[in-house]
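# Summary of structural features
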Amino acid sequence: MATNWSVLTKDFALRHTAFRAAFMSAYLTHHQEHRTDICIFYDVQSHLGRKFGGAFNFDVFETDCVALTEAKPERPYYVLKDWNELYKAGKQIYSETNSPDLYAVVAEGEEEIVVLVTSFNGFKYNEAPPKDEKFLLDIKDFNISSAKVYVVNEDKMYEEEILENGEFVLKGNSFVLIKIKK
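The structure presented is a predicted model; accordingly, all values stated were derived computationally and were not measured.

## Quick notes on the confidence of the model for the chain
Should the pLDDT be low somewhere, the predicted coordinates at that spot are not to be read in detail. This prediction gives the chain a mean pLDDT of 79; 73% of its residues lie at or above 70. The secondary-structure element of the chain with the lowest mean pLDDT is helix H1 (residues 5-10), recorded at 51, while helix H3 (residues 75-89) shows the highest, at 95.

## A look at the packing of aromatic side chains
All chains considered together, the criterion is met by 6 aromatic pairs. Between Phe 19 and Phe 120, the ring centres sit 5.5 Å apart and the planes meet at 45°, which makes this aromatic pair tilted. With Phe 19 in helix H2 (residues 18-33) and Phe 120 in the loop between strand E5 (112-119) and strand E6 (133-136), the pair connects residues that are 101 residues apart, well separated along the chain. By the burial criterion, Phe 19 is buried, and Phe 120 matches it.

## Here we look at the sheet that holds strand E8 (residues 157-161)
What the 6 strands build is an open sheet, ordered E3-E4-E5-E10-E7-E8; its pairing is antiparallel. At either end of the open sheet lies a strand with only one pairing partner, and these are strand E3 (91-93) and E8. The average angle at which neighbouring strand axes cross in this sheet is 25°, direction not considered. Where H2 meets the sheet, it contacts E3, strand E4 (102-108), E5 and strand E10 (174-181), and its direction lies at approximately 120° from that of E5.

## Quick notes on the pattern of salt bridges
Applying the stated criterion across every chain, the model contains 7 salt bridges. Here Lys 182 makes a salt bridge to Glu 108, at a shortest N to O gap of 2.6 Å. Of this pair, Lys 182 sits in the segment after E10 while Glu 108 sits in strand E4, and the two are 74 residues apart along the sequence. Lys 182 sits in the partly exposed class, given a relative accessible area of 46%. The residue Glu 112 makes a salt bridge to Lys 179 at a minimum N-O spacing of 3.9 Å. Here the residue Glu 112 occupies a position in strand E5, and Lys 179 occupies one in strand E10, the gap between them amounting to 67 residues. Look at Glu 112 and you get buried, because its relative accessible area is 15%.

Each value, and the rule that gives it
Residues numbered from 1 in each chain as written. Predicted model: local features only at pLDDT ≥ 70, side-chain atom pairs only at ≥ 80, totals over all residues. Heavy atoms only, no water. pLDDT = per-residue confidence, 0-100. Helix = DSSP H or I, 4+ residues; strand = E, 2+ residues; numbered from the N terminus. Phe/Tyr/Trp six-rings, centres within 6.5 Å; stacked < 30°, edge-to-face > 60°. Buried < 20%, exposed > 50% of the residue type's maximum accessible area, 1.4 Å probe, protein only. Pairing = 2+ DSSP bridges. Axes fitted to C-alpha atoms, helices over the stretch in contact; angles between N-to-C directions. Contact = heavy atoms within 4.5 Å. Salt bridge = Lys/Arg side-chain N within 4 Å of Asp/Glu carboxyl O.

The following block contains the structure:
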């Protein structure tokens, strides 16, 4: 994964966008698959909220010292929430995608399978609009018709949608969490 930090640090207006959240999700997924000792995001520190932190919106407050319970979650917050869902599920299982712009990680727990799929087209957001990615979720021996799907993109902030026949169109620079009961 190519990382061009200058894009994210020059334009702080990106910190609450689907682009920023998709970057975070793709970045974490990439590092889950590669040897990484530690990966840190400073997006939940309230004193960085107006400058860089994107997980919560602190712009509505007059001071930088605000309790997290008072702040409104933004799109990057849901990346961290989704990774917590993967962690709680337990064991990571094999996953793969057939597109360089799709990232996937799957975890299996005793009661459910949790899937996180991210569409991130790198740092081309100024050059061309991101393409939508259609994917087919293929999980052997599980009824995916009962899946709960939570979408984050430029138009939606963790809204539930329907997964029909395992197919889903993911907008560019967005991500989806899919929870399948066993």
